[in-house]
Amino acid sequence: MAKTIVQKVVFKNTTSKALYELYMDAKKHSLVTGGPAKISAKEGSSYSVHGGYIKGKNLHLVKDKHIVQTWRAEGWDKNDVDSIFTIHLEQKGKDVVLHATHANIPDKHTASIEKGWHGHYWNPWKQHIAGKKITHPKM
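An account of the accompanying structure is given in this report. What you see is a predicted model, and the numbers here were worked out from it, not measured in a lab. Per chain, the residues get numbers from 1 upward, laid out in the order the sequence is written. pLDDT decides what is reported in this predicted model: residues at 70 or higher carry local features, side-chain atom pairs at 80 or more are listed and counted, and totals for whole chains, interfaces and linings draw on all residues regardless. With hydrogens and water stripped out, all remaining heavy atoms of the structure feed into the side-chain values.

Focus on the sheet that holds strand E5 (residues 83-92)
Moving on, step 1. Taken in spatial order, the six strands line up as E1-E6-E5-E4-E3-E2 in an open sheet, and their pairing is antiparallel. Of all the strands in the sheet, the pair left with one neighbour each is strand E1 (2-11) and strand E2 (46-49). Here the average twist between neighbouring strands, direction ignored, is 25 degrees.
Moving on, step 2. We call two strands paired when DSSP finds no fewer than two bridges between them. A run of H or I in DSSP counts as a helix once it spans at least four residues, and a run of E counts as a strand once it spans at least two, with each numbered from the N terminus. Note: E1 against strand E6 (residues 95-106), nine bridges, orientation antiparallel. The residue of E6 that forms the bridge with glutamine 7 is alanine 100. Simply put, an axis is a line fit to the C-alpha atoms, just over the touching stretch for a helix, and the angle between two N-to-C directions goes from 0 to 180 degrees.

Below is the structure:
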């Protein structure tokens, strides 16, 4: 059975532009996640992150506001369909509220992926924004 993860994360003292770039700029993506990334802010383009562990395609992009991608992890069963990952960035004064929805995740992978968003993305982003040393969990 496929599952959906819904997350709401507040990032203090930043902009939606800065967060969008952390995800969509290959060099910045690699810096904050600690893994090689091939990604661009071009609708329809393919991407791979964490050295190809995750692959997909940019379906819909609204600069500095919205990202919709197909998303698939290495090791998923062949009959598992690609999941859909969406980020919506909402500027609230000096802070940004990130709304993430990750749909169609194979049940057996849901817990590790939910934990992975925090460990590989949201926590390193917060460290980067605060000017702190970025720590990465082991893959």
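Considerations on the pattern of salt bridges
Moving on, step 1. What counts as a salt bridge is simple: a side-chain nitrogen of Lys or Arg found within 4 Å of a carboxyl oxygen of Asp or Glu. Within the structure shown, the criterion is met by seven salt bridges.
Moving on, step 2. As a salt-bridge pair, glutamate 21 and lysine 28 come within 2.9 Å of each other at their nearest N and O atoms.
Moving on, step 3. Accessibility here uses a 1.4 Å probe with only protein chains present; expressed as a share of the type maximum, an area under 20% marks a residue as buried, one over 50% as exposed, and anything in between as partly exposed. On the basis of relative accessible area, glutamate 21 is assigned to the partly exposed category, the value being 21%.
Moving on, step 4. A salt bridge links aspartate 77 to lysine 108; the nearest nitrogen and oxygen atoms lie 3.3 Å apart. Separated by 31 residues along the polypeptide, aspartate 77 in the loop between strand E4 (66-73) and E5 and lysine 108 in the loop between E6 and helix H3 (110-129) bring together distant segments of the chain.
Moving on, step 5. Exposure remark for aspartate 77: the relative accessible area of 34% places this residue in the partly exposed category.

So, the pairing of strand E3 (residues 54-62)
Moving on, step 1. Examined bridge by bridge, E2 and E3 share four bridges and lie antiparallel to one another. When the sheet's bridge partners are listed, tyrosine 47 is paired in E3 with glycine 56.
Moving on, step 2. Turn length for the E2-E3 hairpin, with the two strands adjacent in sequence and antiparallel, is four residues, and the turn residue histidine 50 shows positive phi of about 55 degrees.
Moving on, step 3. Where E3 and E4 come together, six bridges link them in antiparallel fashion. The residue of E4 that forms the bridge with leucine 61 is isoleucine 67.

Considerations on the nonpolar core
Moving on, step 1. By convention a nonpolar core is built from buried Ala, Val, Leu, Ile, Met, Phe, Trp, Tyr and Cys residues, the set being connected through side-chain atoms within 4.5 Å. Counting residues in each nonpolar core, the largest one holds 32 residues, and the members touching the most others are Tyr23, Trp71, Trp122 and Trp125.
Moving on, step 2. The set of elements that each furnish at least two residues to this core consists of E1, helix H1 (16-24), E2, E3, E4, E5, E6 and H3.

Some remarks on the packing of H1 against helix H2 (residues 26-33)
Moving on, step 1. In the contact formed by H1 and H2, the axes pass within 5 Å of each other and the chain directions differ by 85 degrees. Classified by the angle between their axes, H1 and H2 sit roughly perpendicular to one another. Contact residues: H1 offers Glu21, Leu22, Tyr23 and Met24, while H2 offers Ala26, Lys28, His29 and Val32.
Moving on, step 2. Residues that form the contact of H1 with H2 fall into these classes: five nonpolar, one polar and two charged. Any angle that falls under 35 degrees is termed roughly parallel, while one over 145 is termed roughly antiparallel, one within 65 to 115 roughly perpendicular, and all others oblique. When checking whether two residues touch, look at their non-hydrogen atoms; a contact exists if any pair is within 4.5 Å. In this classification, Asp, Glu, Lys and Arg are treated as charged, Ala, Val, Leu, Ile, Met, Phe, Trp, Tyr, Cys and Pro as nonpolar, and every other residue, Gly included, as polar.

None of the figures reported here should be taken as evidence of function without further support.
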